[in-house]
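Residue strings, one per chain:
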Amino acid sequence: MSTGELKPKNIFLLAGQSNMAGRGGIYNDTKTNLHKWDGKVPPQCTPTPNILTLSLNKTWEIAREPLHKEIDNLKTCGVGPGMPFSNQILEKHPNFGVIGLVPCAVGGTKIEKWQKGSILYNQLVDRARAARQCTGCNIRALLWYQGESDCGERDSRLYMGRLEKFFNNLRHDLDSPDLPILLVVISAGEGNFLRNVRDAQLNINLKNVMRVDAMGLTLLADHLHLDTKSAVHIGQKLANDFLYNFYR
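Residues numbered from 1 in each chain as written. Predicted model: local features only at pLDDT ≥ 70, side-chain atom pairs only at ≥ 80, totals over all residues. Heavy atoms only, no water.

With an unreviewed UniProt entry as reference, the chain is termed Sialate O-acetylesterase domain-containing protein, source organism Carya illinoinensis.

## Things to note about the overall build of the chain
Broken down by element type, the chain carries six helices and nine strands. Against the compact-globule benchmark of 18 Å for 248 residues, the chain has a radius of gyration of 17 Å, which places it among compact chains. Projected onto the principal axes, the alpha-carbon positions of the chain cover approximately 50 × 45 × 30 Å. Counting across all 248 residues of the chain, residues that qualify as buried make up 57%. If you take every contact in the chain between residues at least 6 apart in sequence, the share linking residues at least 24 apart comes to 75%. Side chains of the chain give 30 positive and 24 negative charges; the mean places of these two sets differ by 2 Å. (Helix = DSSP H or I, 4+ residues; strand = E, 2+ residues; numbered from the N terminus. Rg over C-alpha atoms; globule rule 2.2 N^0.38 Å. Buried < 20%, exposed > 50% of the residue type's maximum accessible area, 1.4 Å probe, protein only. Contact = heavy atoms within 4.5 Å. Lys, Arg positive; Asp, Glu negative; His and termini not counted. Charge placed at Lys NZ, Arg CZ, Asp CG, Glu CD.)

## Some points on the nonpolar core
Counting 76 residues, the largest nonpolar core has Phe12, Leu142, Trp144, Phe166 and Phe242 as its most contacted members. Per-element tally for this core: the top contributor is helix 6 (residues 228-246), with eight residues. For Phe12, the contacting residues outside a window of four places in its chain are Phe85, Ile89, Phe96, Ile99, Gly100, Leu101, Val102, Arg140, Ala141, Leu143 and Phe242. (Core = buried A, V, L, I, M, F, W, Y, C linked by side-chain atoms within 4.5 Å.)

## Some thoughts on the packing of helix 3 (residues 119-131) against helix 4 (residues 153-173)
For any two helices packed against each other, the geometry is given by the interaxial angle and the distance between the axes. It is at 11 Å that the axes of helix 3 and helix 4 come closest, and there the two elements cross at 35 degrees. Remark: the crossing between helix 3 and helix 4 carries right-handed chirality. Judged by residue contacts, Tyr121, Leu124, Val125 and Arg129 of helix 3 engage Phe166, Asn169, Leu170 and Asp173 from helix 4. When grouped by side-chain class, the residues that make up the contact of helix 3 with helix 4 number five nonpolar, one polar and two charged. (Axes fitted to C-alpha atoms, helices over the stretch in contact; angles between N-to-C directions. Left-handed = near helix turned anticlockwise from the far one by under 90°. Nonpolar A, V, L, I, M, F, W, Y, C, P; charged D, E, K, R; others polar.)

## Things to note about the environment of Arg171
By secondary structure assignment, the location of Arg171 is in helix 4. What Arg171 contacts, discounting residues up to four positions off in sequence, is Ser176, Pro177, Asp178, Leu179, Ile181, Leu206, Lys207, Asn208 and Val209. Here the side chain of Arg171 touches Asn208 through a polar contact of 3.4 Å, landing on its backbone oxygen. (Polar contact = N/O pair within 3.5 Å; in protein donor to acceptor, adjacent residues only side chain to side chain.)

## Concerning the pattern of salt bridges
Going through the model one piece at a time under the given rule, you end up with eight salt bridges. Residue Asp155 pairs with Lys110 through a salt bridge whose shortest N-O separation is 2.7 Å. Taken together, the residues Asp155 in helix 4 and Lys110 in the loop between strand 6 (99-103) and helix 3 connect sequence positions 45 residues apart. Among the residues examined, Lys110 registers a relative accessible area of 31% and is labelled partly exposed. Counted as one network, the salt bridges with shared partners bring together Lys110, Asp155 and Arg162. (Salt bridge = Lys/Arg side-chain N within 4 Å of Asp/Glu carboxyl O.)

Here you go:
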């Protein structure tokens, strides 16, 4: 469904890996041994003309789950934080204006894959620039949920430096030195050095970076991905933090 002339006023960039792309409601089909989405859309993820998404071909459409199915197209996507984040903002501030989400997250990607000059980085910058072409719209924040793939010994040690470099480069290339960043602190990881990555995320020393901790949320059977309930919870928490810290 196309929105015609409907354009967003407030743009949010969604980037990182699978938990930002959304894995809520994903299950393993025992007959085919393939991952499938159960198709259940919680009320907090209900589509509305006030929440748009930038499609793969850079047109604005009504946003709906799975939000990342075009971008994270090599994986099976389900419910993620983006829709509950947006609905929570509009519920608390009905006059906030139309929200435009820019999905850019790709499952299984290390922070190294997001460095300046990489395919993922270039795609993020390109889509962000395309999103703000409409008159009167601006990028309000980056929502970042990534790090599970960096929990090996070497990558975890290098994580903080790489993350800060990524944030600094992105702000520079978007001409937005004070761009708010909403960072989800991971609660699970592939490797034995989860604590290193969490410490890096908790101690990052940049202005306008707010943290939301995913620790304690419920995961799928793979012990790595948030279930639907937790994806909704983290999305709403990100919204509350954005409104408290960055909305005037």
